[in-house]
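Here's the letter readout for the chains.
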Amino acid sequence: MDRSTALRAAAAAVVAAVAFTGCSAVMPGALDQQPPATLTGAGPGVTDSTVKVVFVGVDLGTTGSSLGFRTADAGDLPAQVKALEEHVNANGGIAGRRLQAVFRSYEASNDSPAAEEKLCNQITQDDKAFAVVLTGQFQSNARPCYASRGTLMLDATLVPNDDATYAKLSPYLWSASYPGYDEFVTALLSSLKGEGFFEGADAVGVVAADTPVNKAVYERLAEPELRRLGVAPTVSWVDTTDLGTLNAGLNQAVVDFRSKGVARVMFLGGARLASFFLTTAAAQSYTARYAVSSFDNPAFLVNNPGTIPVAALDGMVGIGFNPSQDVPDSRLPFPGGDAERACLDIFAKGGQSFKTRENARVAFTYCDAALLLHAAAKDLGANLNAAAFAQAAAALGDRFTPAAGTRGLLGGDRRAAGDGYRVLAYDPGCSCFTYRGEEKRFAG
């Protein structure tokens, strides 16, 4: 694209960044302590006959129409939630109680720490929910807020949570679909080495979301391993607090990488930083070979050639653990495994169907959350609370498989159920991402 087009695209991407990621600051006065967990008694939102669970859906309509990006239709989210409610209640409910599933829409263009705090208050105080299924809640204050209210979180957001965060917010924070961040970073770097990504390079640029979780994992795992692999990392911490800091961070990263002759770039922290950086880099005529993962939403990179330079995709490689946002159905038949089929059957009974796997990307995470809650709470009886749920969920081991993933494993300190991944690479022949090689397990 010409420079003026690239600059306009860069500006659009920066605006989108605010909508999609918001900022990483913690709200002043946000509660950081959660109530003591007990194995006996009922948690919030639980009565003798019902249990309330809120499913959050992110509304991208305003953002998408104003910026002109393409994203696959996720279908009728309230109807999908209703179908899951009907299935759970027809099969024993939640610990013998009738599931009351509530859908709440969250406007992406208004995302901010204050908006996240408001949503948390609505769900914990107005709805008085036992559990919340989070999608698109990127703010650092969000999860501590729910934990401070004793609300169980089934996190379906592609935002990295490390082992320390799961431990700190235990027993309230879980992911029914995705892996933990520590094991993800280890698998990513190992796979990049195996794919020869670092060959011929003595340096690598790291575009990283400036969040406490990302910094901790980078310093403890990523940086030492990159140096062991023989590449010197240049990290650019991108502060997504507002338009100015985000734009400054992206542009400074390009300047730093170019000045140091960096020809390999990877992304850590998700938050669609890959999309924004690629557009900014094109505006400055900077090119490199890139490493990406499911946290970077590969389907979005492919679906938006007007914003993401197609040339930047060539040679991309990394790992994928979320088929619905990684590869097209032509490269991985849809429907696939038993978990996908089971969820599709549930939705079909509720009158919901999906043309492609990508159309079902949100529905699958909703289904994972509902079925994990259903399975773990089965025998809890009067003691339906977060601590008892944690104990029962851990006992499921590998008997729970996420529809949004390919393998599952819980138990011990694992609070993130996703346990399968494959090498992910861009294929110019199909203008899409594809999987390579055999599936591996994060847990080894």
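Residues numbered from 1 in each chain as written. Predicted model: local features only at pLDDT ≥ 70, side-chain atom pairs only at ≥ 80, totals over all residues. Heavy atoms only, no water.

1. Quick notes on the overall build of the protein chain
Counted only if it meets this: For helices the rule is a DSSP run of H or I covering at least 4 residues; for strands it is a run of E covering at least 2, with both sets numbered from the N terminus onward. For each residue, the accessible area found with a 1.4 Å probe, counting protein chains only, is set against the maximum for its type, and the residue is called buried under 20%, exposed over 50%, and partly exposed in between. By the convention used here, residues are in contact when the closest approach between their heavy atoms is within 4.5 Å. The accessible surface values rely on the Shrake-Rupley method and a 1.4 Å probe; as for residues, cover is taken only from the protein chains in view.
Scanning the protein chain for helices and strands turns up 15 helices and 12 strands. Out of the 444 residues belonging to the protein chain, those deemed buried represent 58%. Considering only contacts in the protein chain between residues 6 or more positions apart, those separated by 24 or more positions represent 73%. On the protein chain, roughly 16800 Å² of surface is accessible, and the fraction owed to carbon and sulfur atoms is 50%.

2. Considering the sheet that holds strand 3 (residues 131-134)
Counted only if it meets this: For two strands to count as paired, DSSP must find a minimum of two bridges between them. Fitted lines through C-alpha atoms give the axes, limited to the stretch in contact for helices. The angle between two N-to-C directions lies from 0 to 180 degrees.
In spatial order, the strands read 2-1-3-4-5; together these 5 strands make up an open sheet with parallel pairing. In the strand order of this sheet, the two ends are held by strand 2 (98-107) and strand 5 (173-174), each with one partner. The pairing of strand 1 (residues 50-59) with strand 3 spans 3 bridges and is parallel. Each bridged residue has a counterpart across the sheet, and for Phe55 the counterpart in strand 3 is Val133. Contacting strand 1 and strand 2, helix 3 (residues 77-90) runs over the sheet at an angle of about 165° to strand 2.

3. Points about the packing of aromatic side chains
Keep this limit in mind: Here a pair means two rings of Phe, Tyr or Trp (six-membered ring of Trp) with centres within 6.5 Å. Their orientation is stacked below 30 degrees between planes, edge-to-face above 60, and tilted elsewhere.
Inspection of the entire model under this criterion finds 19 aromatic pairs. Centre to centre, the rings of Phe55 and Tyr366 are 5.4 Å apart; their planes meet at 80°, and the pair counts as edge-to-face. Note that Phe55 is positioned in strand 1 and Tyr366 in helix 14 (residues 361-377), a separation of 311 residues in sequence. The burial state of Phe55 is the same as that of Tyr366; both residues are buried.

4. Digging into the state of the cysteines
The line we're drawing: Any pair of cysteine sulfurs within 2.5 Å is marked as a disulfide.
In this structure the tally under the stated criterion is 3 disulfides. The disulfide partner of Cys120 is Cys145, and the gap between their sulfur atoms is 2.1 Å. Every disulfide takes its handedness from the sign of the S-S torsion; for Cys120 and Cys145 that torsion is -95°, giving left-handed. On the criterion of sequence distance, the pair formed by Cys120 in helix 4 (residues 113-126) and Cys145 in helix 5 (residues 142-148) is long-range, its members being 25 residues apart. Of the residues examined, Cys145 reaches a relative accessible area of 4% and is grouped as buried.

5. Points about the packing of helix 3 against helix 14
Put simply, the rule is: In this scheme, roughly parallel covers angles under 35 degrees and roughly antiparallel covers those over 145, while 65 to 115 is roughly perpendicular and the rest are oblique. Crossing chirality is assigned from the near helix's rotation relative to the far helix, an anticlockwise turn below a right angle marking it left-handed and a clockwise turn marking it right-handed. Basically, the charged four are Asp, Glu, Lys and Arg, the nonpolar ten are Ala, Val, Leu, Ile, Met, Phe, Trp, Tyr, Cys and Pro, and anything else, Gly included, counts as polar.
For the pair helix 3 and helix 14, interaxial distance at closest approach is 10 Å and the crossing angle is 25°. When the axes of helix 3 and helix 14 are compared, the pair comes out roughly parallel. The handedness of the crossing between helix 3 and helix 14 comes out as right-handed. For the pair helix 3 and helix 14, the contacting residues are Leu77, Gln80, Val81, Leu84, His87 and Val88 in the first and Val362, Ala363, Tyr366, Cys367, Ala370, Leu371 and His374 in the second. Class assignment of the residues belonging to the contact of helix 3 with helix 14 gives a composition of 10 nonpolar, 3 polar and no charged.

6. Some details on the confidence of the model for the protein chain
Low-confidence regions, as indicated by low pLDDT, have predicted coordinates that should not be scrutinised in detail. Going by this rule: Note: pLDDT gives the predictor's confidence per residue, expressed from 0 to 100.
For the protein chain, per-residue confidence averages 89 on the pLDDT scale, and residues scoring 70 or more make up 90% of the total. Here residues 1-31 is modelled with pLDDT under 50, and outside its nearest four sequence neighbours on either side it reaches 78 contacts, counting other chains as well. With pLDDT under 50 throughout, residues 62-66 is counted as low confidence; its partners more than four residues away or in other chains account for 9 contacts.

7. Points about the environment of Asp379
Along the polypeptide, Asp379 turns up in the loop between helix 14 and helix 15 (386-394). Separated by 285 residues in sequence, Asp379 and Ile94 have C-alpha atoms that sit 9.0 Å apart.

8. Points about the nonpolar core
In a soluble, globular protein the nonpolar side chains are often hidden away together inside. So the rule is basically this: Take the buried Ala, Val, Leu, Ile, Met, Phe, Trp, Tyr and Cys residues and link them wherever side-chain atoms come within 4.5 Å; each set so joined is a nonpolar core.
If you look at the biggest cluster of nonpolar residues, it comprises 73 residues, and the most contacted ones within it are Phe55, Leu384 and Phe389. Among the elements that take part in this core, helix 14 stands out by supplying 11 residues, more than any other.

9. Focus: the pattern of salt bridges
Keep this limit in mind: Definition used for salt bridges: Asp or Glu carboxyl oxygen within 4 Å of a side-chain nitrogen of Lys or Arg.
By the definition in use, this model includes 15 salt bridges. With its nearest N and O atoms 2.6 Å apart, the salt bridge here joins Arg220 to Asp182. Highlighted residues: Arg220 in helix 8 (residues 212-228) and Asp182 in helix 7 (residues 181-194), separated in sequence by 38 residues. Among the ionic pairs, Arg441 bridges to Asp419, the shortest N-O distance being 2.7 Å. With Arg441 in strand 12 (residues 432-441) and Asp419 in the loop between helix 15 and strand 11 (420-427), this pair connects stretches of sequence that are 22 residues apart.

10. Examining unusual backbone geometry
With an omega of 5°, the peptide bond between Ser170 and Pro171 qualifies as cis. Relative to the assigned elements, Pro171 resides in the loop between helix 6 (163-168) and strand 5. Of note, the bond from Phe334 into Pro335 is cis; its omega dihedral lies within 30 degrees of zero at 0°. For Pro335, the position within the fold is in the loop between strand 10 (317-320) and helix 13 (338-349). Phi angles above zero are rare outside glycine, and Ala95 is one such case at about 55°. Accessibility expressed as a relative area gives 9% for Ala95, which makes it buried. In the Ramachandran plot, Ser285 falls in the positive-phi region, its phi being about 55° despite a non-glycine side chain.

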